[in-house]
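A structural walkthrough
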Amino acid sequence: MTRYTLTQQEALARLATLPAGAERAKLLSVSSVRNAVLNSGANVTLYVGDVDSTASSVLDSLRHVYIGLIQRKNRKGALDGLGALGGLAERTKRVDFDAMSDTERMSLVGTRDDIVIVDGAPTLLTDINKIRVNNVLREMHEELADLGITDIAIKPNELVLIPMPKVKDDNYLINKWDGVGVAFAVSPYCHICKDTRGIIDSIVAGASEKTGGEAKEFRKVPLLDALKSWGNHDDVSLEDGRSATRDYRYPHEYLVSWALAAMLLEYNPQKMKQLASEVQTICDHLISFAEIARATKQTMKDVADILHLPIAVLNEMEKSCATIFKKRLAQKALGTTR
(Lines give C-alpha, C1' and ligand atoms only; values in the text may rest on other atoms or scores of the structure.)
Protein backbone atom coordinates (compact mmCIF):
# COMPACT_ATOMS: atom_id res chain seq x y z
CA MET A 1 0.00 0.00 0.00
CA THR A 2 1.47 3.36 -1.07
CA ARG A 3 1.71 5.91 1.73
CA TYR A 4 0.04 9.24 0.90
CA THR A 5 2.35 12.25 0.92
CA LEU A 6 0.96 15.63 1.91
CA THR A 7 1.35 18.25 -0.84
CA GLN A 8 2.64 21.77 -0.30
CA GLN A 9 -0.77 23.22 -1.14
CA GLU A 10 -2.54 20.93 1.35
CA ALA A 11 -0.10 21.72 4.16
CA LEU A 12 -0.37 25.47 3.56
CA ALA A 13 -4.15 25.24 3.46
CA ARG A 14 -4.16 23.58 6.88
CA LEU A 15 -1.73 26.14 8.31
CA ALA A 16 -3.76 29.04 6.88
CA THR A 17 -6.80 28.00 8.93
CA LEU A 18 -4.84 28.40 12.18
CA PRO A 19 -4.03 31.65 14.00
CA ALA A 20 -0.41 32.72 13.97
CA GLY A 21 1.61 31.43 16.88
CA ALA A 22 1.44 28.30 18.98
CA GLU A 23 -1.17 26.43 16.94
CA ARG A 24 0.80 26.74 13.72
CA ALA A 25 3.98 25.78 15.53
CA LYS A 26 2.30 22.64 16.84
CA LEU A 27 1.12 21.62 13.37
CA LEU A 28 4.59 22.31 11.92
CA SER A 29 6.11 20.00 14.51
CA VAL A 30 4.51 17.15 12.54
CA SER A 31 7.28 16.07 10.16
CA SER A 32 4.97 15.33 7.21
CA VAL A 33 3.54 18.86 7.39
CA ARG A 34 6.91 20.60 7.73
CA ASN A 35 8.48 18.51 4.96
CA ALA A 36 5.65 19.53 2.62
CA VAL A 37 6.48 23.24 3.04
CA LEU A 38 10.24 22.89 3.58
CA ASN A 39 12.85 24.95 1.77
CA SER A 40 16.50 25.66 2.47
CA GLY A 41 18.36 28.91 2.91
CA ALA A 42 22.04 29.79 3.10
CA ASN A 43 24.22 32.66 4.26
CA VAL A 44 27.84 33.64 4.72
CA THR A 45 29.52 35.77 7.37
CA LEU A 46 32.69 37.40 6.07
CA TYR A 47 35.33 38.00 8.74
CA VAL A 48 38.79 39.52 8.93
CA GLY A 49 41.50 39.56 11.57
CA ASP A 50 43.17 37.11 13.90
CA VAL A 51 43.41 36.34 17.60
CA ASP A 52 45.96 38.41 19.51
CA SER A 53 47.83 35.80 21.52
CA THR A 54 49.58 38.52 23.57
CA ALA A 55 46.35 40.05 24.89
CA SER A 56 45.75 40.14 28.64
CA SER A 57 42.19 38.78 28.41
CA VAL A 58 40.12 36.60 26.12
CA LEU A 59 38.00 39.63 25.27
CA ASP A 60 41.02 41.66 24.23
CA SER A 61 42.37 38.76 22.16
CA LEU A 62 39.41 39.16 19.78
CA ARG A 63 39.44 42.97 19.52
CA HIS A 64 41.04 42.93 16.08
CA VAL A 65 38.48 40.56 14.53
CA TYR A 66 35.70 42.14 12.46
CA ILE A 67 32.77 40.75 10.49
CA GLY A 68 30.74 42.13 7.59
CA LEU A 69 26.99 42.53 8.11
CA ILE A 70 24.26 44.10 6.05
CA GLN A 71 21.64 46.41 7.54
CA ARG A 72 18.47 44.79 6.30
CA LYS A 73 15.27 46.53 5.29
CA ASN A 74 11.86 45.01 4.65
CA ARG A 75 9.64 45.37 1.60
CA LYS A 76 8.26 48.65 2.92
CA GLY A 77 11.76 50.06 3.35
CA ALA A 78 11.77 49.91 7.16
CA LEU A 79 14.92 48.79 8.95
CA ASP A 80 14.80 45.06 9.59
CA GLY A 81 17.83 44.04 11.63
CA LEU A 82 21.41 43.05 10.86
CA GLY A 83 22.38 39.95 8.95
CA ALA A 84 24.88 37.97 6.98
CA LEU A 85 24.82 37.90 3.20
CA GLY A 86 22.28 35.28 2.19
CA GLY A 87 18.66 34.31 1.94
CA LEU A 88 16.14 31.75 0.82
CA ALA A 89 17.13 29.17 -1.79
CA GLU A 90 15.57 29.25 -5.23
CA ARG A 91 14.54 25.62 -5.71
CA THR A 92 12.73 23.69 -8.46
CA LYS A 93 10.21 20.89 -8.07
CA ARG A 94 11.06 17.74 -9.99
CA VAL A 95 7.62 17.68 -11.62
CA ASP A 96 8.11 21.23 -12.89
CA PHE A 97 11.64 20.53 -14.12
CA ASP A 98 10.48 17.45 -16.01
CA ALA A 99 7.75 19.47 -17.72
CA MET A 100 10.19 22.14 -18.98
CA SER A 101 11.86 22.30 -22.36
CA ASP A 102 15.66 22.42 -22.46
CA THR A 103 15.41 26.09 -23.41
CA GLU A 104 13.33 26.82 -20.33
CA ARG A 105 15.70 24.86 -18.14
CA MET A 106 18.71 26.64 -19.59
CA SER A 107 17.13 30.04 -18.88
CA LEU A 108 17.03 29.20 -15.16
CA VAL A 109 20.73 28.37 -14.81
CA GLY A 110 22.19 30.94 -12.44
CA THR A 111 18.81 32.02 -11.07
CA ARG A 112 17.83 28.65 -9.58
CA ASP A 113 20.24 27.15 -7.10
CA ASP A 114 19.47 23.57 -8.10
CA ILE A 115 19.75 23.84 -11.89
CA VAL A 116 23.26 23.61 -13.32
CA ILE A 117 24.98 22.55 -16.51
CA VAL A 118 26.37 19.00 -16.47
CA ASP A 119 28.01 17.69 -19.65
CA GLY A 120 26.43 20.52 -21.60
CA ALA A 121 22.87 19.86 -20.41
CA PRO A 122 20.79 21.60 -17.70
CA THR A 123 20.49 19.21 -14.76
CA LEU A 124 18.46 19.28 -11.55
CA LEU A 125 20.62 18.99 -8.44
CA THR A 126 19.57 17.04 -5.38
CA ASP A 127 22.84 17.39 -3.43
CA ILE A 128 22.16 19.98 -0.70
CA ASN A 129 25.90 20.61 -0.32
CA LYS A 130 26.02 21.91 -3.88
CA ILE A 131 22.69 23.72 -3.61
CA ARG A 132 23.71 25.60 -0.44
CA VAL A 133 26.91 26.87 -2.06
CA ASN A 134 25.03 28.05 -5.17
CA ASN A 135 22.48 29.65 -2.84
CA VAL A 136 25.17 31.66 -1.00
CA LEU A 137 26.93 32.83 -4.15
CA ARG A 138 23.69 33.91 -5.85
CA GLU A 139 22.32 35.71 -2.79
CA MET A 140 25.63 37.47 -2.17
CA HIS A 141 25.65 38.69 -5.77
CA GLU A 142 22.05 39.92 -5.54
CA GLU A 143 22.41 41.68 -2.19
CA LEU A 144 25.65 43.39 -3.16
CA ALA A 145 23.96 44.50 -6.38
CA ASP A 146 21.31 46.12 -4.14
CA LEU A 147 24.20 48.22 -2.82
CA GLY A 148 25.55 49.02 -6.28
CA ILE A 149 28.40 46.50 -6.17
CA THR A 150 28.74 43.98 -8.98
CA ASP A 151 32.48 43.22 -9.11
CA ILE A 152 33.03 41.40 -5.81
CA ALA A 153 32.59 37.67 -5.33
CA ILE A 154 33.97 34.79 -3.31
CA LYS A 155 34.91 31.31 -4.44
CA PRO A 156 33.04 28.14 -3.41
CA ASN A 157 36.12 26.67 -1.75
CA GLU A 158 36.40 29.73 0.51
CA LEU A 159 33.13 28.87 2.25
CA VAL A 160 33.34 27.02 5.57
CA LEU A 161 30.10 25.42 6.71
CA ILE A 162 29.07 25.83 10.35
CA PRO A 163 27.00 22.66 10.82
CA MET A 164 23.64 23.37 12.48
CA PRO A 165 21.65 20.28 11.48
CA LYS A 166 18.74 20.87 13.88
CA VAL A 167 18.22 24.61 13.39
CA LYS A 168 14.78 25.62 12.14
CA ASP A 169 13.92 29.05 10.77
CA ASP A 170 10.12 28.83 10.76
CA ASN A 171 9.28 32.19 12.37
CA TYR A 172 7.77 33.76 9.25
CA LEU A 173 5.42 30.87 8.58
CA ILE A 174 4.46 30.54 12.24
CA ASN A 175 4.11 34.17 13.30
CA LYS A 176 3.98 36.49 10.29
CA TRP A 177 2.43 34.76 7.27
CA ASP A 178 -1.04 36.09 6.45
CA GLY A 179 -2.27 32.79 5.02
CA VAL A 180 -2.14 34.01 1.43
CA GLY A 181 0.28 32.68 -1.19
CA VAL A 182 3.31 30.46 -0.60
CA ALA A 183 5.42 30.46 2.55
CA PHE A 184 8.11 28.10 3.76
CA ALA A 185 9.58 26.40 6.77
CA VAL A 186 13.33 26.84 6.34
CA SER A 187 16.41 24.79 7.17
CA PRO A 188 19.29 27.31 7.01
CA TYR A 189 22.90 26.55 6.12
CA CYS A 190 25.38 28.97 7.70
CA HIS A 191 28.91 29.61 6.47
CA ILE A 192 31.91 31.75 7.35
CA CYS A 193 34.57 33.03 4.98
CA LYS A 194 37.86 34.62 5.99
CA ASP A 195 38.49 37.81 4.07
CA THR A 196 42.12 37.91 2.96
CA ARG A 197 41.60 40.31 0.04
CA GLY A 198 40.07 43.39 1.67
CA ILE A 199 36.57 42.47 0.51
CA ILE A 200 34.81 43.85 3.59
CA ASP A 201 36.54 47.23 3.32
CA SER A 202 35.84 47.36 -0.42
CA ILE A 203 32.14 46.70 0.11
CA VAL A 204 31.89 49.32 2.87
CA ALA A 205 33.67 51.88 0.70
CA GLY A 206 31.64 51.18 -2.43
CA ALA A 207 28.17 50.49 -1.08
CA SER A 208 25.31 52.89 -1.80
CA GLU A 209 21.64 52.22 -1.07
CA LYS A 210 19.34 51.61 -4.02
CA THR A 211 15.56 51.78 -4.12
CA GLY A 212 14.05 48.42 -3.31
CA GLY A 213 16.06 45.34 -2.42
CA GLU A 214 16.85 43.94 1.02
CA ALA A 215 20.06 45.77 1.90
CA LYS A 216 20.36 49.36 3.11
CA GLU A 217 24.08 49.39 3.94
CA PHE A 218 27.04 47.15 4.71
CA ARG A 219 28.89 47.47 8.00
CA LYS A 220 32.27 46.38 9.32
CA VAL A 221 31.35 45.28 12.83
CA PRO A 222 33.71 44.26 15.66
CA LEU A 223 33.10 40.61 16.48
CA LEU A 224 32.74 41.63 20.11
CA ASP A 225 29.78 43.84 19.17
CA ALA A 226 28.23 41.01 17.16
CA LEU A 227 28.41 38.75 20.22
CA LYS A 228 26.11 41.26 21.98
CA SER A 229 23.70 41.66 19.07
CA TRP A 230 20.66 39.81 20.38
CA GLY A 231 18.46 41.49 22.99
CA ASN A 232 19.16 45.18 22.39
CA HIS A 233 16.16 47.50 22.55
CA ASP A 234 15.66 50.99 21.17
CA ASP A 235 13.10 53.16 19.36
CA VAL A 236 13.74 51.52 15.97
CA SER A 237 12.52 48.04 16.72
CA LEU A 238 11.61 44.72 15.19
CA GLU A 239 8.19 43.20 15.83
CA ASP A 240 9.43 41.52 19.02
CA GLY A 241 10.84 44.76 20.41
CA ARG A 242 14.51 44.07 19.68
CA SER A 243 16.60 46.73 17.98
CA ALA A 244 16.34 46.88 14.19
CA THR A 245 19.74 48.60 13.98
CA ARG A 246 21.83 46.69 16.55
CA ASP A 247 20.34 43.17 16.60
CA TYR A 248 20.48 40.33 14.13
CA ARG A 249 17.18 39.60 12.42
CA TYR A 250 17.80 35.82 12.55
CA PRO A 251 18.97 33.89 15.64
CA HIS A 252 20.95 31.30 13.68
CA GLU A 253 23.04 34.09 12.12
CA TYR A 254 23.69 35.50 15.60
CA LEU A 255 24.77 32.02 16.69
CA VAL A 256 27.36 32.07 13.89
CA SER A 257 29.16 34.93 15.67
CA TRP A 258 29.63 32.69 18.72
CA ALA A 259 30.63 29.76 16.51
CA LEU A 260 33.25 31.97 14.87
CA ALA A 261 34.58 33.05 18.27
CA ALA A 262 34.72 29.42 19.38
CA MET A 263 36.68 28.46 16.27
CA LEU A 264 39.14 31.34 16.73
CA LEU A 265 39.64 30.31 20.34
CA GLU A 266 40.25 26.73 19.19
CA TYR A 267 37.15 25.48 21.02
CA ASN A 268 38.93 25.94 24.33
CA PRO A 269 36.29 25.46 27.08
CA GLN A 270 38.03 27.69 29.61
CA LYS A 271 38.47 30.53 27.13
CA MET A 272 34.85 30.26 26.00
CA LYS A 273 33.64 30.45 29.61
CA GLN A 274 35.82 33.51 30.14
CA LEU A 275 34.57 35.06 26.90
CA ALA A 276 30.92 34.66 27.88
CA SER A 277 31.56 36.26 31.27
CA GLU A 278 33.63 39.09 29.85
CA VAL A 279 31.10 39.88 27.10
CA GLN A 280 28.21 39.84 29.58
CA THR A 281 30.14 42.23 31.82
CA ILE A 282 30.14 44.88 29.06
CA CYS A 283 26.58 44.14 27.92
CA ASP A 284 23.44 45.93 29.19
CA HIS A 285 21.10 43.03 28.40
CA LEU A 286 21.18 39.33 29.19
CA ILE A 287 23.09 37.01 26.87
CA SER A 288 21.20 33.72 26.92
CA PHE A 289 22.14 30.64 24.94
CA ALA A 290 18.95 29.00 26.19
CA GLU A 291 16.97 31.78 24.49
CA ILE A 292 18.84 31.25 21.23
CA ALA A 293 18.21 27.50 21.51
CA ARG A 294 14.48 28.22 21.90
CA ALA A 295 14.45 30.70 19.01
CA THR A 296 16.12 28.19 16.68
CA LYS A 297 13.97 25.24 17.88
CA GLN A 298 17.01 23.48 19.36
CA THR A 299 18.15 22.13 22.71
CA MET A 300 21.10 23.45 24.69
CA LYS A 301 22.92 20.24 23.72
CA ASP A 302 22.41 21.15 20.05
CA VAL A 303 23.89 24.62 20.64
CA ALA A 304 26.82 23.10 22.53
CA ASP A 305 27.48 20.80 19.58
CA ILE A 306 27.53 23.78 17.19
CA LEU A 307 30.13 25.46 19.40
CA HIS A 308 32.10 22.19 19.79
CA LEU A 309 31.74 22.44 23.56
CA PRO A 310 30.59 19.98 26.22
CA ILE A 311 27.04 20.70 27.33
CA ALA A 312 28.31 21.25 30.88
CA VAL A 313 30.51 24.09 29.65
CA LEU A 314 27.64 25.79 27.81
CA ASN A 315 25.48 25.45 30.92
CA GLU A 316 28.24 27.13 32.93
CA MET A 317 28.38 29.96 30.36
CA GLU A 318 24.60 30.38 30.63
CA LYS A 319 24.71 30.43 34.43
CA SER A 320 27.62 32.86 34.51
CA CYS A 321 25.86 35.32 32.19
CA ALA A 322 22.69 35.14 34.30
CA THR A 323 24.63 35.75 37.54
CA ILE A 324 26.53 38.73 36.12
CA PHE A 325 23.36 40.24 34.66
CA LYS A 326 21.42 39.87 37.92
CA LYS A 327 24.28 41.53 39.79
CA ARG A 328 24.23 44.38 37.29
CA LEU A 329 20.48 44.86 37.74
CA ALA A 330 20.90 44.86 41.53
CA GLN A 331 23.61 47.49 41.31
CA LYS A 332 21.41 49.66 39.09
CA ALA A 333 18.52 49.30 41.53
CA LEU A 334 20.75 50.41 44.41
CA GLY A 335 21.92 53.34 42.37
CA THR A 336 18.37 54.55 41.69
CA THR A 337 17.28 54.27 45.32
CA ARG A 338 20.10 56.25 46.85
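Reference entry: report on the structure contained in this document. (Residues numbered from 1 in each chain as written. Predicted model: local features only at pLDDT ≥ 70, side-chain atom pairs only at ≥ 80, totals over all residues. Heavy atoms only, no water.)

As for unusual backbone geometry
Rule in force here: Secondary structure elements follow DSSP: runs of H or I of four or more residues count as helices, runs of E of two or more count as strands, with numbering from the N terminus.
The backbone of glutamate 266 shows a phi angle near 55°, a positive value even though the residue is not glycine. With respect to the helices and strands, the residue glutamate 266 is situated in the loop between helix H11 (251–264) and helix H12 (269–281). Residues other than glycine seldom take positive phi values, yet lysine 297 does so here, at roughly 60°.

Observations concerning the packing of H11 against H12
Rule in force here: All axes here are fitted lines through C-alpha atoms, helices being fitted over the stretch that makes contact, and every angle between N-to-C directions spans 0 to 180 degrees. Small angles under 35 degrees read as roughly parallel and large ones over 145 as roughly antiparallel, with 65 to 115 read as roughly perpendicular and the rest as oblique. What makes a crossing left-handed is the near helix being turned counterclockwise from the far one by less than a right angle; a clockwise turn instead makes it right-handed. Working rule for contacts: check all heavy atoms of both residues, and any pair within 4.5 Å makes them a contact. Only Asp, Glu, Lys and Arg are considered charged, only Ala, Val, Leu, Ile, Met, Phe, Trp, Tyr, Cys and Pro nonpolar, and every remaining residue, Gly among them, polar.
Where H11 contacts H12, the two axes come as close as 10 Å, and the packing angle between them is 135°. Classed by the angle they form, the pair H11 and H12 counts as oblique. The two elements H11 and H12 cross, and the hand of that crossing is right-handed. Facing H11, whose interface residues are Trp258, Ala261 and Ala262, H12 presents Met272, Leu275, Ala276 and Val279. Looking at the contact of H11 with H12 residue by residue, the classes come out as seven nonpolar, no polar and no charged.

Some details on the packing of aromatic side chains
Two aromatic rings, taken as a pair, are described by how far apart their centres are and by the angle between their planes. Short version of the rule: Pairing of aromatic side chains here covers Phe, Tyr and the six-membered ring of Trp, requires ring centres within 6.5 Å, and sorts the geometry by plane angle: under 30 degrees stacked, over 60 edge-to-face, intermediate tilted. Here, a charge over a ring is recorded when the distance from Lys NZ or Arg CZ to the ring centre is within 6 Å and its angle to the ring normal is within 35 degrees.
Per the counting criterion, the structure on display carries three aromatic pairs. An aromatic cluster is present here, built from Trp230, Tyr248 and Tyr254 joined pairwise through their rings. For arginine 105, the ring lying beneath its charged end belongs to phenylalanine 97, and the centroid distance is 4.3 Å. Residue placement shows arginine 242 over the ring face of tryptophan 230; its charged tip is 3.5 Å from the ring centre.

Some thoughts on H11
Rules: Take the number of residues in a helix, subtract one, and multiply by 1.5 Å to get its expected span. Accessibility here uses a 1.4 Å probe with only protein chains present; expressed as a share of the type maximum, an area under 20% marks a residue as buried, one over 50% as exposed, and anything in between as partly exposed.
Counted at 1.5 Å a residue, the expected span for H11 with its 14 residues is 20 Å, and the 20 Å between its end C-alpha atoms agrees. Burial analysis of H11 places 13 of its 14 residues in the buried class, which makes it a mostly covered element. Looking one or two residues beyond H11, the residue adopting positive phi is glutamate 266, at roughly 55°.

A short note on the pattern of salt bridges
What counts, and what does not: Throughout this description, the term salt bridge denotes a Lys or Arg side-chain nitrogen within 4 Å of a carboxyl oxygen of Asp or Glu.
Counting across every chain of the model gives 27 salt bridges. Between arginine 197 and glutamate 158 there is a salt bridge, and its shortest N-O distance comes to 3.0 Å. Note that arginine 197 is positioned in the loop between strand S8 (185–194) and helix H9 (199–206) and glutamate 158 in the loop between helix H7 (128–146) and strand S7 (160–162), a separation of 39 residues in sequence. Looking at arginine 197, the relative accessible area reads 46%, which means it is partly exposed. A relative accessible area of 22% places glutamate 158 in the partly exposed class. Two residues, arginine 242 and aspartate 247, come together in a salt bridge whose shortest N-O distance is 3.1 Å.

Quick notes on the side chain of glutamate 253
Our working definition: Contacts described as polar in this section are N or O atom pairs within 3.5 Å, which, within protein, must combine one atom able to donate a hydrogen with one able to accept it, while residues neighboring in sequence count only if both atoms come from side chains.
Tracing the backbone through its elements, the reader meets glutamate 253 in helix H11. For glutamate 253, the side chain forms a polar contact with the main-chain nitrogen of alanine 84, separated by 2.9 Å. Non-local contacts of glutamate 253, meaning those with residues more than four positions away in its chain, are made with Asn43, Arg72, Leu82, Gly83, Ala84 and Tyr248.

A short note on the pairing of strand S1 (residues 38–48)
Keep this limit in mind: The criterion for strand pairing is that DSSP finds at least two bridges linking the strands in question.
A large share of S1 lies buried, amounting to nine of its eleven residues. Relative to S8, S1 is paired through ten bridges, and the arrangement is parallel. Along S8, the bridge assignment pairs leucine 46 with cysteine 193. In this structure, S1 lies alongside strand S4 (residues 85–88), joined through four bridges in antiparallel fashion. Within the sheet, the bridge partner assigned to alanine 42 lies in S4 and is glycine 87. Across three bridges, S1 lies against strand S2 (residues 66–73) in antiparallel orientation. Pairing of tyrosine 47 across the sheet is with isoleucine 67, part of S2.

Some thoughts on the environment of lysine 130
Inspection of the secondary structure puts lysine 130 in helix H7. Accessibility expressed as a relative area gives 48% for lysine 130, which makes it partly exposed. Separated by 164 residues in sequence, lysine 130 and arginine 294 have C-alpha atoms that sit 29 Å apart.

Description of the pairing of S8
Burial within S8 is extensive, with eight of its ten residues counted as buried. Sheet analysis places S7 next to S8, joined by three bridges and oriented antiparallel. Across the sheet, residue leucine 161 finds its bridge partner in S8, namely histidine 191.

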